[in-house]
There are 2 protein chains.
Amino acid sequence: MRVFYHFEFSRRSLVAALAILVPVMVACPGAWAQTDPLPSWNDTTSKQAIVEFVQATTKEGSRTFVPPEERIATFDQDGTLWVEHPIYSQVVYCLERVPDLVKAKPELKDVEPFKTVMSRDREAIAKLPMHDLEKILAATLTGMTVDEFQGQVSKWIASARDPRWKRPYTDLTYQPMQEVLKFLRANGYRTYIVTGGGQDFVRVYAESTYGIPPEQVVGTIGSTTYSYDKDGNPILTKEPKLLLNDNDAGKPEGIHLMIGRRPVFAAGNSTGDQQMIEYTEAGEGPRFGMLILHDDAEREYAYGPANGLPDTKVGTFTQELYDEAMKNGWIVVSMKKDWKRIFSFEP
Amino acid sequence: MRVFYHFEFSRRSLVAALAILVPVMVACPGAWAQTDPLPSWNDTTSKQAIVEFVQATTKEGSRTFVPPEERIATFDQDGTLWVEHPIYSQVVYCLERVPDLVKAKPELKDVEPFKTVMSRDREAIAKLPMHDLEKILAATLTGMTVDEFQGQVSKWIASARDPRWKRPYTDLTYQPMQEVLKFLRANGYRTYIVTGGGQDFVRVYAESTYGIPPEQVVGTIGSTTYSYDKDGNPILTKEPKLLLNDNDAGKPEGIHLMIGRRPVFAAGNSTGDQQMIEYTEAGEGPRFGMLILHDDAEREYAYGPANGLPDTKVGTFTQELYDEAMKNGWIVVSMKKDWKRIFSFEP
């Protein structure tokens, strides 16, 4: 039932969009070439679908028009807006924070899992079990004030380098997606990040990196506690208590919590984004769901296991998700075929 | 230390504001009268302080200038934007929902506390202990989908009447505060509600009542659970699990969670707002803290117990809070003296 509805809607939407667009493009053939809003995209159906959707939802008087206040677009971050392989950047942050942590608390030097991290033995670190990883996350993401944490993350963002490209992590955003963010905003959409990463972590660089302000970052949320420092100044301390795990079903829950409106446009790249896209598509009127498929080992990484791509635990895109996308009319973007260039630093 | 800092800042801010304003007002004496942004306020120091603060923080080049993206203003709702006596409107909603609830689940008819509520015995209802009240809140605020809840609240908002004024509750907003909201927005501020009331409850009417969209309502938050209905459509169900009690210290915690920026301007009316104002005032640069004192029994209600006003359990404004406000330079607004009219329906 749901599947049928989605497919039907998608077809209707496309027809409606074409009905609007074809006359416009015939009338002004030159205008299009001059103002291509997505220059890093190849001229494939994916690009066409994005452009047509935005035009269809912003043309006043059209039956697919979406009022400006309802133009909410949500984007997963890891693997959708920036590189997530071989491991999420926030996990790299946590591991690279350990030396400073041990400096401040020397007694941790001989305690696992900090001892293993300090050994710089990559193989041993990669084998750390989940409960050890959680100890590292808790120790590096909680216990400090919100202001201290912002300072620590800012410092890391400015100095850390990805080992493959030797560049700051914030350089490793996908230029085609940056263009989608800007194109949507230029058309009255408000762009939100809806990430499994830490809300406070992503907020530190989201505005300078994506043009997305802190209040439009929805992420995994830990509680804070309000108190006073020794001088009586108010402080907020980050606590190791989870309020929202912003993955899978947590994404629509987080969207409701933080935005209180159903998105019109949602983009992701893994099974963790499926519920966000389902929730988006289940609203009335025009909706857009999109998944990025990492199928470009040469320019970035290749992983699925959809379409026979290598399996992965980081950003898994299963064949089931792929089939669901096809059935529902969600756009699956091939990095290899749809993206002319991936990073802004490429020629 | 903190106290001294606040007082110092407040004085400096005022001097700076006057330095800017006096020449402007001398140069264009006519302009002021024509464009009074706060016509429902008497010409007292409270009104002057608001106008001067907004002008000082929006004049480019001024050392008190606040960039537009940082212009966050937070408002408590109950007792600050609308009437909260004799009891919070949301509690009235919960009590008035009980008949529908019993209709849907007849077995509740003979179960306390629903039996007492169904008896319409006001005295007995007023005496219900907290754990009984909590049962009523849980039964009327959780267990349904988010969409069902929105429908139930919308219906009530449209039909319910306050017993004193015989008007919809949404008519009982304070016209002077509506003017402050509009004045701030006209000057690039984003206005947020930060309420102890339910976030989902207030979101239903905040846009039409205050011009504040759902994503700018911060309130007490319960979790939701994502699942599918019998037709496979995604639904979010409201759960009786508290994520944030948005009162007292919960207000700055909620502001951090939902906005991720410290407000520049904060307004409240009770001890539940003290931490929000402290947190706001502790930021660098110009800050504005304001408390409404309900001292007008004739036109609205009179309660404190500050300044010898009658004591109350609903919206308590203690003498300690009053003294703190005086020490810190927060503006205490007297409804009686500062407000020319209270409601828009007054002549």
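Engineer: Describe the pattern of salt bridges, naming the residues involved and giving the relevant values.
Structural biologist: Tallying each qualifying case throughout the model produces 38 salt bridges over all chains. With its nearest N and O atoms 4.0 Å apart, the salt bridge here joins Asp-147 of chain A to Arg-262 of chain B. Of this pair, Asp-147 of chain A sits in helix H8 (residues 146-159) while Arg-262 of chain B is found in the loop between helix H11 (250-258) and strand E5 (265-268), placing the two residues in two different chains. For Arg-261 of chain B, the salt bridge identified is with Glu-207 of chain A, shortest N-O distance 3.6 Å. One end of the pair, Arg-261 of chain B, is in the loop between H11 and E5; the other, Glu-207 of chain A, is in helix H10 (residues 199-210), on a second chain. Taking the relative accessible area as the measure of exposure, Arg-261 of chain B reaches 12% and is therefore buried. By relative accessible area, Glu-207 of chain A is classed as partly exposed at 35%. Connected through shared salt-bridge partners, Arg-190 and Arg-261 of chain A together with Glu-207 and Glu-215 of chain B make up one network.

Engineer: Please provide a residue-by-residue account of the domain arrangement of chain A, values included.
Structural biologist: How big an interface is tends to be stated in terms of accessible area lost as the parts join. Residue and element names in this part refer to chain A. Domains assigned within chain A are domain 1 (2-86 + 171-338) and domain 2 (89-159). Here domain 1 meets domain 2 over a buried area of about 1200 Å², counting both sides, of which 74% is carbon and sulfur. The three residues of domain 1 that bury the most area against domain 2 are Phe-201, Val-204 and Lys-238, which together make up 53% of that side's buried surface. In this assembly, domain 1 and domain 2 are joined by 0 salt bridges.

Engineer: Report on the interface of chain B and chain A, specifying residues and quantitative values.
Structural biologist: Taken together, the 38 residues of chain B in the interface contact 38 residues of chain A. Buried area between chain B and chain A, summed over both chains or domains, comes out near 3200 Å², and the portion from carbon and sulfur atoms is 53%. At the surface where chain B touches chain A, the tally comes to 8 salt bridges. Taken together, chain B and chain A are joined by 22 residue pairs in polar contact (both at pLDDT 80 or more). Secondary-structure elements contributing two or more residues to the side of chain B that touches chain A are helix H8 (146-159), strand E2 (190-198), helix H10 (199-210), strand E3 (217-228), strand E4 (234-244), H11 and helix H12 (274-281) of chain B. In terms of residue class, the side of chain B that touches chain A is built from 18 nonpolar, 8 polar and 12 charged.

Engineer: Which residues make up the sheet that holds strand E5 (residues 265-268) of chain A, and what values go with them?
Structural biologist: Residue and element names in this part refer to chain A. Judged by pairing direction, the sheet is mixed, and its 7 strands sit side by side in the order E4-E3-E2-E1-E5-E6-E7 without closing on themselves. This sheet does not close on itself; its edge strands, each paired only once, are strand E4 (234-244) and strand E7 (331-334). Each adjacent strand pair in this sheet contributes to an overall mean axis angle of 30°, direction not counted.

Engineer: How would you summarise the relation of the copies chain B and chain A if you had to cite specific residues and measurements?
Structural biologist: At an RMSD of 0.0 Å, chain B and chain A line up after a rotation of 180° and a shift of 0.0 Å along the axis. Expressed as a symmetry operation, the mapping of one chain copy onto the other fits a two-fold axis. Counting the interface residues of chain B, we find that 100% of their copies in chain A are interface residues as well, pointing to one common contact surface.

Engineer: Please give an account of the packing of H8 of chain A against H10 of chain A that cites residues and values.
Structural biologist: Residues and elements named next belong to chain A. Running from amino to carboxyl end, H8 crosses H10 at an angle of 55°, the nearest separation of the two axes being 9 Å. Taken together, the axes of H8 and H10 are oblique relative to one another. Considering the relative orientation of H8 and H10, their crossing is right-handed. On H10, the residues that touch Phe-149, Gln-150, Val-153, Ser-154, Trp-156 and Ile-157 of H8 are Asp-200, Phe-201, Val-204 and Tyr-205. For the contact of H8 with H10, the class distribution of residues is 7 nonpolar, 2 polar and 1 charged.

Engineer: Go over the side chain of Ser-46 of chain B, please, and point to the residues and values.
Structural biologist: Residue and element names in this part refer to chain B. By secondary structure assignment, the location of Ser-46 is in helix H3 (residues 45-58). On the accessibility criterion, Ser-46 (4% relative accessible area) is buried. A polar contact of 2.8 Å, which involves the side chain of Ser-46, links it to the side chain of Asp-338. What Ser-46 contacts, discounting residues up to four positions off in sequence, is Trp-41, Ile-331, Val-332, Val-333 and Asp-338.

Engineer: So what about empty space enclosed by the protein? Which residues, and what values?
Structural biologist: Across all of its chains, the model carries 3 cavities of 30 Å³ or more by this definition. Approximately 70 Å³ is the volume found for the largest cavity. As for the largest cavity, its lining consists of Thr-145, Val-146, Asp-147, Pro-234, Ile-235 and Leu-236 of chain A together with Arg-262 and Tyr-279 of chain B. The set of elements that each furnish at least two residues to the lining of the largest cavity consists of H8 and E4 of chain A. For the lining of the largest cavity, the element with the most residues is E4 of chain A, which contributes 3 residues. Classifying every residue of the lining of the largest cavity gives 5 nonpolar, 1 polar and 2 charged. Two domains each donate at least three residues to the lining of the largest cavity, and these are domain 1 (2-86 + 171-338) and domain 2 (89-159) of chain A.

Engineer: Mind laying out the sheet that holds strand E6 (residues 288-293) of chain B, listing which residues take part and the relevant values?
Structural biologist: Residue and element names in this part refer to chain B. Read from one edge of the open sheet, 7 strands run E4-E3-E2-E1-E5-E6-E7, paired in mixed fashion. Each edge of the sheet is formed by a strand with only one pairing partner; in this case those strands are E4 and strand E7 (331-334). Each neighbouring strand pair of the sheet contributes to a mean axis angle of 30°, computed without reference to strand direction. Two strands pair when backbone bridges link them, and E3 and E4 are joined in this way by 7 bridges, in the antiparallel orientation. Along E4, the bridge assignment pairs Tyr-226 with Leu-236. Contacts from helix H9 (residues 175-186) reach strand E1 (72-75), E2, E5 and E6 within the one sheet, and its direction differs from that of E1 by about 165°.

Conventions we followed
- Residues numbered from 1 in each chain as written.
- Chains lettered and ligands numbered in written order.
- Predicted model: local features only at pLDDT ≥ 70, side-chain atom pairs only at ≥ 80, totals over all residues.
- Heavy atoms only, no water.
- Salt bridge = Lys/Arg side-chain N within 4 Å of Asp/Glu carboxyl O.
- Helix = DSSP H or I, 4+ residues; strand = E, 2+ residues; numbered from the N terminus.
- Buried < 20%, exposed > 50% of the residue type's maximum accessible area, 1.4 Å probe, protein only.
- Domains from an automatic or database assignment.
- Buried area = accessible area lost by both parts, 1.4 Å probe.
- Contact = heavy atoms within 4.5 Å.
- Polar contact = N/O pair within 3.5 Å; in protein donor to acceptor, adjacent residues only side chain to side chain.
- Nonpolar A, V, L, I, M, F, W, Y, C, P; charged D, E, K, R; others polar.
- Pairing = 2+ DSSP bridges.
- Axes fitted to C-alpha atoms, helices over the stretch in contact; angles between N-to-C directions.
- Least-squares fit on C-alpha atoms with pLDDT ≥ 70 in both.
- Parallel < 35°, antiparallel > 145°, perpendicular 65-115°, else oblique.
- Left-handed = near helix turned anticlockwise from the far one by under 90°.
- 1 Å grid on protein atoms, 1.4 Å probe; cavity = no way out; pocket = protein on both sides within 12 Å on 5 of 7 lines; lining within 4 Å.
- Points joined across faces, edges and corners; volume = space filled by probe spheres on them.

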